[in-house]
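Architecture and fold: a report
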Amino acid sequence: QVQLVESGGGLVQAGGSLRLSCAASRIDFSMYVMAWYRQAPGKERELVARITSGGSTNYADSVKGRFIISRDNAKNMVYLQMNSLKFEDTAVYYCNGQRGPFDLWGQGPQVTVSS
């Protein structure tokens, strides 16, 4: 059984910080491109941040300078550090891993930002 298990969702005040974690099992984790996506009610799923197997990163314009994606290959973990949170960041956040034919998804915890 291959899985991505997320943790760290919840409620946070605007301007605050939250850290999402994603644990991978039964995959060659270091070879996967990992990413975080999010989907708000009534909106399409969007890419938030991506990190390659080599550590190169990309971010959506809306989160640049506020969010940081990172990975720890020794622990099969990927993280999303979210700082200076805004109400507009409220969404379900999904951990994603891709390698060749494999496309893995986490369960998608809710992140809610209050003003």
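Criteria and cut-off values
- Residues numbered from 1 in each chain as written.
- Predicted model: local features only at pLDDT ≥ 70, side-chain atom pairs only at ≥ 80, totals over all residues.
- Heavy atoms only, no water.
- Helix = DSSP H or I, 4+ residues; strand = E, 2+ residues; numbered from the N terminus.
- Contact = heavy atoms within 4.5 Å.
- Buried < 20%, exposed > 50% of the residue type's maximum accessible area, 1.4 Å probe, protein only.
- Polar contact = N/O pair within 3.5 Å; in protein donor to acceptor, adjacent residues only side chain to side chain.
- Phe/Tyr/Trp six-rings, centres within 6.5 Å; stacked < 30°, edge-to-face > 60°.
- Lys NZ or Arg CZ within 6 Å of the ring centre and 35° of its normal.
- Core = buried A, V, L, I, M, F, W, Y, C linked by side-chain atoms within 4.5 Å.
- Salt bridge = Lys/Arg side-chain N within 4 Å of Asp/Glu carboxyl O.

**Details of the environment of Thr52**
- Checked against the element boundaries, Thr52 lands in the loop between strand S5 (46-51) and strand S6 (57-59).
- In this structure the C-alpha to C-alpha distance between Thr52 and Gly65, which are 13 residues apart in sequence, comes to 19 Å.
- In this structure Thr52 touches Tyr32, Val33 and Arg71, once residues within four positions along its chain are discounted.

**Some details on the environment of Ile27**
- For Ile27, the position within the fold is in the loop between strand S3 (18-25) and strand S4 (33-39).
- Taking relative accessible area as the criterion, Ile27 reaches 15% and is therefore assigned buried.

**Considering the side chain of Thr90**
- With respect to the secondary-structure elements, Thr90 resides in the loop between strand S8 (77-82) and strand S9 (91-99).
- A polar atom in the side chain of Thr90 sits 3.0 Å from the backbone nitrogen of Val113.
- Ignoring any residue separated from it by four or fewer positions in sequence, one finds Thr90 in contact with Ala40, Gln110, Val111, Thr112 and Val113.

**Observations regarding the packing of aromatic side chains**
- Evaluated as defined, the whole model comprises two aromatic pairs.
- Seen in terms of ring centroids, Tyr37 and Trp105 are 5.1 Å apart; in terms of plane orientation they differ by 55 degrees. Their pairing is tilted. With Tyr37 in strand S4 and Trp105 in strand S10 (residues 102-105), the pair connects residues that are 68 residues apart, well separated along the chain.
- Accessibility expressed as a relative area gives 11% for Tyr37, which makes it buried.
- Judged by relative accessible area, Trp105 falls into the partly exposed class, the value being 31%.
- One aromatic cluster in this structure is built from Tyr37, Tyr94 and Trp105.
- Positioned over the ring face of Tyr37 is Arg45, at 4.8 Å from the centre of the ring.
- When the ring centre of Phe29 is taken as origin, the NZ or CZ atom of Arg71, which lies over that ring, is 4.6 Å away.

**Things to note about the nonpolar core**
- Ranked by size, the top nonpolar core spans 29 residues in total, and within it Trp36, Val78, Leu80, Met82 and Tyr93 carry the most contacts.
- Within the residue set of this core, elements represented by two or more residues are S3, S4, S5, strand S7 (67-72), S8, S9 and strand S11 (110-114).
- Ranked by residue count, the leading element in this core is S3, at four residues.

**Considering the pattern of salt bridges**
- All chains considered together, the criterion is met by four salt bridges.
- Among the salt bridges present, the one from Arg38 reaches Glu46, with a minimum N-O distance of 2.7 Å.
- With its nearest N and O atoms 2.8 Å apart, the salt bridge here joins Asp89 to Arg66. Here the residue Asp89 occupies a position in the loop between S8 and S9, and Arg66 occupies one in the loop between S6 and S7, the gap between them amounting to 23 residues.
- On the basis of relative accessible area, Asp89 is assigned to the buried category, the value being 2%.
- Among the charged side chains, a network of salt bridges with common partners joins Arg38, Glu46, Arg66 and Asp89.

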